[in-house]
Amino acid sequence: MIRFPQVASAYDVARACAFVAERARAGAPHRWLQGARKPSFACDVASEDVRLFALQRVRSVPESAARGLVEAAHGRRPLHVLERVVHPHELLAMQARGERCVSILSDDQTADPLDFAIHDLCHLEKFVAEDSYAGQVGFFASVHRGDVEARFSHLDEKWKKDLEHVVADMNGSPVFLFAAIKMKLKMAARREVARNRGTPENVGGSLDPDEEKMFEDLLESLFDAIAFPAEGRRAGRAVSAKRDAPADALWLANYFTTLGERALCRDGE
């Protein structure tokens, strides 16, 4: 069984439940409760705000988001409850410690506070998936420790936004995340070559020789930043979103999982 870091108090989680319920009710006053949850989630806390999500289906609240709230109320989710928008770098640091957050915001802070909170809660459940949680922690810890953002600060704004998207708005297997950051780096290499040439960016197709050389240099710099072992770099080069290198993908998954398990053990000491 996974042992998660303990972060949010039961009171804070109940407050988040009340916030989500209130927003769902405001959006559909006569239809926000959609019947008994079958089966219900196991729940032995007294808070009626928490028990609502354990026992009832609530409009606009996916099952995964409801489950995350109930589990967090029992101390089984590494959830922070915040009243502000979190910067991607801060969220990366959380995930490197095995944690995520839900932001409960006002209408002045975001156009749709309920959607914002649900988005956070759905990502929480993807993050804590039993088969990838430690691996994700290992991946995010590597990127955070290596300060990848600073390492590639010379690249364009599109790369910076792409990096933020990977580290703050993507969850899944560490192989999927690694392949995603590689793809973003490949596209950044293509744009960098175009900028150096003073020509429009190539669109589609394989990298040309100059672009390929730029990408290889950037990938090697990424390996250096995250202290990637020499024996694993061949696997790192082979893995892609095409899932055409299963043995190399397994090596990467095991590598990042081991890193994540070590990080979680240290944090739990």
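Residues numbered from 1 in each chain as written. Predicted model: local features only at pLDDT ≥ 70, side-chain atom pairs only at ≥ 80, totals over all residues. Heavy atoms only, no water.

> Would you mind showing me how to read unusual backbone geometry here?
Excluding glycine, residues mostly carry a negative phi; peptide bonds, for their part, are mostly trans. With omega at -5°, the peptide bond leading from Lys38 into Pro39 counts as cis. Located in the positive-phi region is Asp147, a residue other than glycine, with phi close to 45°. Tracing the chain through its elements places Asp147 in the loop between α6 (133-145) and α7 (148-151). A positive phi angle is found at Arg243, which is not glycine, with a value near 60°. (Helix = DSSP H or I, 4+ residues; strand = E, 2+ residues; numbered from the N terminus.)

> Looking at this structure, how should I read the pattern of salt bridges?
Working definition: two side chains of opposite charge can pair if their charged atoms are close together. Inspection of the entire model under this criterion finds 22 salt bridges. Note that Glu63 is salt-bridged to Arg67, the shortest N-O span being 2.7 Å. Separated by 4 residues within a single helix, Glu63 and Arg67 lie in helix α3 (residues 63-73), roughly one turn from each other. Look at Glu63 and you get partly exposed, because its relative accessible area is 46%. The salt bridge involving Arg237 is made with Glu216; its shortest N-O contact spans 3.9 Å. On the criterion of sequence distance, the pair formed by Arg237 in helix α11 (residues 233-238) and Glu216 in helix α10 (residues 209-225) is long-range, its members being 21 residues apart. Beyond isolated ion pairs, a larger network of salt bridges with shared partners links Glu216, Glu220, Asp224, Arg233 and Arg237. (Salt bridge = Lys/Arg side-chain N within 4 Å of Asp/Glu carboxyl O. Buried < 20%, exposed > 50% of the residue type's maximum accessible area, 1.4 Å probe, protein only.)

> Help me out: how do you make sense of the packing of helix α9 (residues 174-197) against α10 in this one?
When two helices pack together, their arrangement is given by the angle between the helix axes and the distance between those axes. Between α9 and α10, the least distance of the axes is 8 Å, while the angle of their chain directions is 130°. Accordingly, the angle class assigned to the pair α9 and α10 is oblique. In this structure, the crossing between α9 and α10 has a hand that is right-handed. Residues Phe178, Ile181, Lys182, Leu185, Lys186, Ala189, Arg190, Glu192, Val193, Asn196 and Arg197 of α9 lie in contact with α10, whose contacting residues are Asp210, Glu211, Met214, Phe215, Leu218, Leu219, Leu222 and Phe223. When its residues are assigned to classes, the contact of α9 with α10 shows 11 nonpolar, 1 polar and 7 charged. (Axes fitted to C-alpha atoms, helices over the stretch in contact; angles between N-to-C directions. Parallel < 35°, antiparallel > 145°, perpendicular 65-115°, else oblique. Left-handed = near helix turned anticlockwise from the far one by under 90°. Contact = heavy atoms within 4.5 Å. Nonpolar A, V, L, I, M, F, W, Y, C, P; charged D, E, K, R; others polar.)

Geometry only, nothing functional implied.
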